[in-house]
Amino acid sequence: MRSRQTGSIVRITWLGLAMFGVESGSAANGGTAATHDRSEAKITLRLVNAASDRPVPDTRVTVIRDNGIACLVPPCPNEQVEWHGVSDANGRLTVPLDLAASRMHVETDSLFGELPRDAQRAPRRARVVEMLPKATGDAPEAHPLKLIDAVSNRPIGDTPVRLEFTGKSGGKTVVRATTNRLGYVFVPFAVVAAAADRTWIVVPGYRRMRADFAYVRRITRLERQHH
C-alpha cells in the first residue's frame, strides 16, 4: 500500500484503497471517488455561495471525508479520503453516499463548506452546502455569522441587524447590517478586533445575544422575545 505525507496528515492513494475493497470509479459531473463495492448509493450536493446566495457553477471541487481525529504527527488514523469532481451549471454535484458517513468537507480554490450532518437521512434530496470564502491572506476577512431562529431552526433571513459594542474608552458603537436570505451577516474585522468579547447582536423580535466570534462558532441561535 502506498501513501504520501502532506504536513501532518497521511493521505492514502487510490491504489491503497483498492487493497481494502475500495475501488476508484467515475461519478456524475466528471468526478472520481473512492466507493465501496457493496454500495452504489449517491448523494447530490448543491453548492451555494453563502455571501452572494448564488450557486457555485462549473467549478472544480474537492470533497474530503474524515472521522474528526486530528494529529500533530503522522501516522494519523483519521481515515481521510478525497474525492474530486466538477459542479454543473446549477452548482450541483453527485458524490458517493459513503463520503457522508462522517465529517465531510467541500472545497474549491476560493470557498469551503461542510456537508449537513443529516445528509444520510434523506439521500434522495439535494443537500445544500453553504460555501464560505477562504482567507486570502491579503487583508483581514469579515467574520460570517449565521442567525437561526432557536425554535424553528430556520435562518433569520433578510432582516435588519444591529451590532452594538463598547470600546475600550467606554464609548458605544453601533454597526447596522442586514442578513441575506440564508441568514448570514458578515461582521467587519474591525468590529471583531475592537470588541470580540463585548459585541451584542440585536435583531427585532429577538432577545439580545452576545456574539461569539470563535472560528468554529458561525451559527448563532436567537430566542424570540416574549411580551
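Quick look at the structure, then.

Rules behind the numbers
- Residues numbered from 1 in each chain as written.
- Predicted model: local features only at pLDDT ≥ 70, side-chain atom pairs only at ≥ 80, totals over all residues.
- Heavy atoms only, no water.
- Pairing = 2+ DSSP bridges.
- Helix = DSSP H or I, 4+ residues; strand = E, 2+ residues; numbered from the N terminus.
- Salt bridge = Lys/Arg side-chain N within 4 Å of Asp/Glu carboxyl O.
- Axes fitted to C-alpha atoms, helices over the stretch in contact; angles between N-to-C directions.
- Buried < 20%, exposed > 50% of the residue type's maximum accessible area, 1.4 Å probe, protein only.
- Contact = heavy atoms within 4.5 Å.
- Phe/Tyr/Trp six-rings, centres within 6.5 Å; stacked < 30°, edge-to-face > 60°.

Here strand S14 (residues 160-166) pairs with strand S15 (residues 172-178) via 7 bridges, running antiparallel. When the bridges of S15 are listed, Glu164 appears paired with Val174. Hairpin connection of S14 to S15: 5 residues between the antiparallel strands, including Gly170 at a positive phi of 95°. Alignment of S14 against strand S17 (residues 199-202), held across 4 bridges, turns out to be antiparallel. Bridged to Glu164 within S17 is Trp200.

Structurally, the position occupied by Gly167 is in the loop between S14 and S15. Sequence separation of Gly167 and Ala194 is 27 residues, and the distance between their C-alpha atoms is 6.6 Å.

Right, let's get into the pattern of salt bridges. Enumeration over the complete set of coordinates arrives at 8 salt bridges. Between Arg181 and Asp53 there is a salt bridge, and its shortest N-O distance comes to 2.8 Å. Placement of the pair is Arg181 in the loop between S15 and strand S16 (184-187) and Asp53 in the loop between strand S5 (42-49) and strand S6 (54-55), with a sequence separation of 128 residues. Through salt bridges that share partners, Arg162, Glu164, Lys172 and Arg208 make up one connected network.

Either a parallel or an antiparallel arrangement is found when strands of a sheet pair, and the pairing is made through backbone hydrogen bonds. The strand order across the open sheet built from 3 strands is S16-S13-S19, with neighbouring strands paired in mixed fashion. What marks the edges here is a single partner per strand, and that holds for S16 and strand S19 (219-222). Averaged over neighbouring strand pairs, the angle between their axes works out to 30° when direction is ignored. The pairing of strand S13 (residues 143-149) with S16 spans 4 bridges and is classified as antiparallel. Following the sheet pairing, Pro144 is matched in S16 by Phe186.

Spatially, 4 strands are ordered S15-S14-S17-S18 in an open sheet, and the strand pairing comes out antiparallel. The sheet is open, and its two borders are formed by S15 and strand S18 (209-210), each paired with just one other strand.

Right, let's talk about the pairing of strand S7 (residues 60-66) for a bit. Along S7, 6 of the 7 residues are buried, which leaves the element largely enclosed by surrounding structure. Where S7 meets strand S8 (residues 81-86), 6 bridges bridge the pair, whose relative direction is antiparallel. Each bridged residue has a counterpart across the sheet, and for Arg60 the counterpart in S8 is Val86. Summarising the sheet, S7 and strand S10 (residues 103-107) pair through 5 bridges and their orientation is antiparallel.

Topologically, Thr199 is positioned in strand S17. Residue Thr199 is classed as buried on the basis of its relative accessible area of 0%. When residues no more than four places from it in sequence are discounted, the contact partners of Thr199 are Leu163, Glu164, Phe165, Val191, Met209, Arg210, Ala211 and Phe213.

Enumeration over the complete set of coordinates arrives at 1 aromatic pair. Aromatic pair Tyr184 and Phe186: ring centres 6.0 Å apart, planes at 25°, arrangement stacked. Looking at Tyr184, the relative accessible area reads 7%, which means it is buried.

Attention now moves to unusual backbone geometry. With a phi angle near 60°, Asp53 is a residue other than glycine that sits in the positive phi range. Given a relative accessible area of 23%, Asp53 falls into the partly exposed group. One non-glycine residue with positive phi stands out, namely Asp158, at about 50°. Along the polypeptide, Asp158 turns up in the loop between S13 and S14. The class for Asp158 is exposed, based on a relative accessible area of 56%.

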